[in-house]
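# A closer look at the structure
The primary structure of each chain is shown beneath.
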Protein chains: 2
Amino acid sequence: MAKDQKPRRPRAETPKGFRDYFGPEVTERKAMLDRIAAVYHLHGFEALETSGVETVEALGKFLPDVDRPNAGVFAWQEEAVPGGGSGDWLALRYDLTAPLARVAAQYRNDLPSPYRRYAMGPVWRNEKPGPGRYRQFYQCDADTVGAASVAADAEIIAMLADALETAGIARGDYLVRVNNRKVLNGVLEAARVQPEQAADVLRQIDKFDKVGEAGVRELLTTGRTDASGAEIEGVGLDASQAEPVLRFLTSKGDDNATTLQNLRAAVGGSAVGAEGVDELAQIAAMLDAMGMGADRVVIDPSVVRGLGYYTGPVFEAELTFEILDDKGRKRQFGSVAGGGRYDDLVERFTGQKVPATGVSIGVDRLLAALREKGLAGTEAQGPVVVTVMDRDRMADYQAMAAELRAAGIRAEVYLGNPKNFGNQLKYADKRAAPIAIIQGADEAARGVVQVKDLILGAKIAAQASVEEWKSQPAQVEVPRGAVIATVREMLAR
Amino acid sequence: MAKDQKPRRPRAETPKGFRDYFGPEVTERKAMLDRIAAVYHLHGFEALETSGVETVEALGKFLPDVDRPNAGVFAWQEEAVPGGGSGDWLALRYDLTAPLARVAAQYRNDLPSPYRRYAMGPVWRNEKPGPGRYRQFYQCDADTVGAASVAADAEIIAMLADALETAGIARGDYLVRVNNRKVLNGVLEAARVQPEQAADVLRQIDKFDKVGEAGVRELLTTGRTDASGAEIEGVGLDASQAEPVLRFLTSKGDDNATTLQNLRAAVGGSAVGAEGVDELAQIAAMLDAMGMGADRVVIDPSVVRGLGYYTGPVFEAELTFEILDDKGRKRQFGSVAGGGRYDDLVERFTGQKVPATGVSIGVDRLLAALREKGLAGTEAQGPVVVTVMDRDRMADYQAMAAELRAAGIRAEVYLGNPKNFGNQLKYADKRAAPIAIIQGADEAARGVVQVKDLILGAKIAAQASVEEWKSQPAQVEVPRGAVIATVREMLAR
């Protein structure tokens, strides 16, 4: 690759698909994750922080038959140096589950069993970035490894509901919907679906949300013409085979008892199906015992996302309030978290099947929901700015700021060139400062300070006449000793 | 590279030089960083979170004359795909200053100026790992960009002292020592040190801590024989040139005023030296105004670390209490933070010099100090464990755990195979559970619960006779409704 050999300045740019987070963007997300972590901790889950870098081998991201990692991960090969670099391929983790699998295998003799852990942090995807789609983003997971009982699933489902409420989503604004892959397996058995057809059936029922009952019936049988006029091939089931599948998808009743009854009918004589319905019945009873009413969690067989990946109970948390989409149309906010049971976590490493169940909260989605509800993005207020009228008296200004901070009030001294006072007020404005403190030589001699209410000042400037503005009602002169009290009073307005 | 073609299980291992952090290791560090962040925020600093990945170009880590990045960073080249991958070299950030430089240049028209920011997070070094030296570790920085005034340095120095105290280091257990590169420049001028000798002189005075005044005098002049008998060549100054340098290094007096007086003598007629002493005098006055006494911050010209890198004020925080080293010898804990002024931050990108000053706290060092002081590592206590006597009554046990959590008490239900009760108590022990809740069919029928104090139990087991042990004084039977109150009482013991 020929490169320009002239020395040139580097571009000051984030790499494509990466972004920076400033001030409140950082602290709001942190506050949300802190609240969720507290809920996880209260439930006996332990923090785990693995490093961002794993071997490609441990991530399971080697492509079959070639000695290169999957293109979806950021990977590089260490130099093989005798006594030094290993020649291993390393990669940035692409989720928090693969590192958990490695940890569960590596420390299997030391960790408590079952092992409840939560993890929060960035993951990296080497994918094409798009609007709102970044190549580094946060995940927030909680998993229980080594517990076969559906009590572990029920616990995580209840914990998810608690976490959403603690994060700020009001009861009634969310619903956790629970399904079970085993029930679907039972339905497939009852419908005499051949194993090689199962994946096709799953793909079609995944479209239930979009095309509805009639659409899925067509897709499962003879095929369907979509909105654009394109012919979509059907799976080729006959009508009697499609029926149990549709009965499964539409079996949600007015309460869990009715839903479970409908499901029992849908699975017919299938043993695995009956086991799946029993598990859902147990989960329903446990959720009930934990005080989780139907306003928070329901059994709902129309939850199909993740059914292909999970092996047992599967669940999804949806926010039920409406927002306006890009085109100004109302739509439900939708999914913010999901999870379920999976059993292949540790097997890759040890050969032993280890049951596991977990939840992942979509950090950016939930944060967007909190902003939508006015529960984040509100830390608009900056620090009190102590302006500098006499450069020689910087120590005095710093003493004022130190006093304010000692009183717990966020404060800073203007540190730019103090010559132009207008620039100082512009700076205070950019900092979203609520108050400016001003003391010139004259005020210092008289032992007083000007305290300027910038919020009130901005209001007056927008509305007042020139005379009103000149009278500066937003600025008060107070004795030097009264600064803290005056600032406190203004901040409380 | 020929590889074994037999399918084999992946190794469950962290890559060489990386490690995992479990439970309290994560939460203790987080608690410490939260406390420090609160101090930074109070001082008007804003959080900034950049991504872990930067272009090698922005990091300034291309090796000269070759199109390859420095071996010290983890780097990889993106595939060049038309309309897709850029072909850029990307790398993991190796510190938090290089990303700040990129941000300060990229957003120079939007950021407030001066821009105060703090950043906390992992950085990666592609270096040979050693004991306690990892290839991913945390940094915790605060910097002010765009402020030429030493008021910015004084503010950061005072903020560092506040941050250490807020983190838990008591006054008297730390000292921030302040020096100034300009004073050294003045001393070199006064000593008629040639520009080409300056780096050699710096290298020798860096050994002041180890070899003392006499040793540095030898190193600056004719050379020295070290402890192993090896001859070390001297810089070749004559005695009259070496004298101002030594006077500089030993000019610390009983108070700042005396030290400043000694420094004025050491810099002789050098203008830059006088400027440096003036700056230190201003900083001393400002620290005084902010209430930072000599028990917290002192002017100390023997601080030489970083003098080669920084361009103005430079400072270091040391912990002054003693610890035992690996060989059981007492030694001072030593440095936990440092910083100073540097002016080349943004220049690489824009061509404009932008003054900047900052501090970096050694996260692992400070955490080790807090552990040494018994101020971290104390979250030994696990959750209350509700044991499972009857698998059928899992919902009852979950209801008990939910009740405990609703009362703010960390609690979990045993989720393993409940058949062997001994395993449940072993699990509770591994979880460091303070209390176990036990309710069999008999207790359930009588409406009571056994509450077992595991901490007291362990004490008794270690000391008591068989009879005492059998009487189980650490276990009480209480009515079902009294569980919360009993647990609260036991936890308060």
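An unreviewed UniProt entry annotates chain A as Histidine--tRNA ligase originating from Paracoccus salipaludis. In the Subunit (unreviewed entry) part of its UniProt record, chain A is described as follows: "Homodimer."

Attention now moves to the pattern of salt bridges. All names here are of chain A. A complete count under the given rule lists 78 salt bridges over all chains for this structure. With its nearest N and O atoms 2.8 Å apart, the salt bridge here joins Lys30 to Asp34. Taken together, the residues span about one helical turn, with Lys30 and Asp34 both in helix α1 (residues 24–42) at a distance of four residues. By relative accessible area, which is 33% here, Lys30 ends up partly exposed. A relative accessible area of 25% places Asp34 in the partly exposed class. Measuring nitrogen to oxygen at the nearest pair gives 2.9 Å for the salt bridge that ties Arg393 to Asp396.

Residues and elements named next belong to chain A. Taking the numbering used here, the UniProt-annotated feature "binding site: L-histidine" (unreviewed entry) corresponds to Asp95, Leu96, Thr97, Arg125, Gln139, Asp143, Arg305, Tyr309 and Tyr310. Within the element layout of this structure, Arg125 appears in the loop between β6 (115–124) and β7 (136–145). Excluding its chain neighbours within four sequence positions, the residues that come into contact with Arg125 are Gly72, Phe74, Tyr94, Asp95, Arg135, Phe137 and Gln139. Examined against the element boundaries, Tyr310 turns out to sit in the loop between β11 (297–299) and β12 (313–324). Judged by its relative accessible area of 16%, Tyr310 falls in the buried class.

When chain A is fitted to chain B, the best match, at an RMSD of 0.1 Å, comes from turning it 180° and sliding it 0.0 Å along the axis. In the structure described here, the two chain copies are related by an operation that fits a two-fold rotation axis. When C-alpha positions in chain A are compared against the rotation axis, the closest is assigned to Trp76 of chain A, at 2.8 Å. Here 100% of the interface residues in chain A have copies in chain B that are interface residues too; the copies meet face to matching face.

The interface of chain A with chain B comprises 107 residues on the first partner and 107 residues on the second. In this assembly, chain A packs against chain B so that about 8800 Å² is buried in total across both faces, 53% of it on carbon and sulfur atoms. Contact with chain B buries area across many residues of chain A, yet Glu49, Arg410 and Leu415 of chain A alone supply 9% of it, more than any other trio. At the junction of chain A and chain B, the tally comes to 18 salt bridges.

Now for helix α13 (residues 394–406) of chain A. Residue and element names in this part refer to chain A. In a regular helix each residue adds 1.5 Å, so 13 residues correspond to 18 Å; α13 covers 18 Å between its end C-alpha atoms and thus fits that length. Of all 13 residues making up α13, 10 are buried, and the element is well covered by its neighbours. Taken from the residues just after α13, Gly408 is the one with a positive phi, measuring 85°.

So, on to the environment of Thr144 of chain A. Mapped onto the fold, Thr144 of chain A is located in strand β7. Through-space distance from the C-alpha of Thr144 of chain A to that of Val384 of chain A is 46 Å; in sequence the pair is 240 residues apart. Setting aside chain neighbours within four positions, we find Thr144 of chain A in contact with Phe45, Pro114, Tyr115, Arg116, Ala152, Glu155, Ile156, Pro355, Ala356 and Thr357 of chain A together with Leu415 of chain B.

On to the packing of α1 of chain A against helix α4 (residues 150–167) of chain A, then. Residue and element names in this part refer to chain A. Two elements in contact, α1 and α4, have axes separated by 9 Å at closest approach and are oriented at 145°. Viewed along their axes, α1 and α4 form a crossing whose handedness is right-handed. Here Met32, Arg35, Ile36, Val39 and Tyr40 of α1 lie close against α4, whose contacting residues are Met159, Asp162, Ala163, Thr166 and Ala167. A per-class count over the contact of α1 with α4 returns seven nonpolar, one polar and two charged.

This next bit is on the packing of aromatic side chains. All chains considered together, the criterion is met by 22 aromatic pairs over all chains. Pairing Tyr310 of chain A with Tyr342 of chain A gives two aromatic rings, centres 6.5 Å apart and planes at 55°, and the pair type is tilted. With Tyr310 of chain A in the loop between β11 and β12 and Tyr342 of chain A in strand β13 (residues 330–342), this pair connects stretches of sequence that are 32 residues apart. Seen in terms of ring centroids, Tyr40 of chain B and Tyr118 of chain B are 5.8 Å apart; in terms of plane orientation they differ by 55°. Their pairing is tilted. Of this pair, Tyr40 of chain B sits in helix α1 (residues 24–42) while Tyr118 of chain B sits in strand β6 (residues 115–124); the two residues are 78 residues apart in sequence, bridging distant segments of the chain. In this structure, Tyr40 of chain B and Tyr118 of chain B share a single accessibility class: buried. What links up through ring pairs into an aromatic cluster is the set Phe18, Phe74 and Trp76 of chain A together with Phe18, Phe74 and Trp76 of chain B. In this arrangement the basic side chain of Arg19 of chain A is found over the ring face of Tyr21 of chain A, its NZ or CZ atom lying 3.8 Å from the centre. The cationic tip of Lys373 of chain B hangs over the ring face of Phe321 of chain B; the distance from NZ or CZ to the ring centre is 4.4 Å.

Conventions and cut-offs
- Residues numbered from 1 in each chain as written.
- Chains lettered and ligands numbered in written order.
- Predicted model: local features only at pLDDT ≥ 70, side-chain atom pairs only at ≥ 80, totals over all residues.
- Heavy atoms only, no water.
- UniProt positions renumbered as here; feature names shortened; annotations may be inferred.
- Salt bridge = Lys/Arg side-chain N within 4 Å of Asp/Glu carboxyl O.
- Helix = DSSP H or I, 4+ residues; strand = E, 2+ residues; numbered from the N terminus.
- Buried < 20%, exposed > 50% of the residue type's maximum accessible area, 1.4 Å probe, protein only.
- Contact = heavy atoms within 4.5 Å.
- Least-squares fit on C-alpha atoms with pLDDT ≥ 70 in both.
- Buried area = accessible area lost by both parts, 1.4 Å probe.
- Expected span 1.5 Å × (residues − 1).
- Axes fitted to C-alpha atoms, helices over the stretch in contact; angles between N-to-C directions.
- Left-handed = near helix turned anticlockwise from the far one by under 90°.
- Nonpolar A, V, L, I, M, F, W, Y, C, P; charged D, E, K, R; others polar.
- Phe/Tyr/Trp six-rings, centres within 6.5 Å; stacked < 30°, edge-to-face > 60°.
- Lys NZ or Arg CZ within 6 Å of the ring centre and 35° of its normal.

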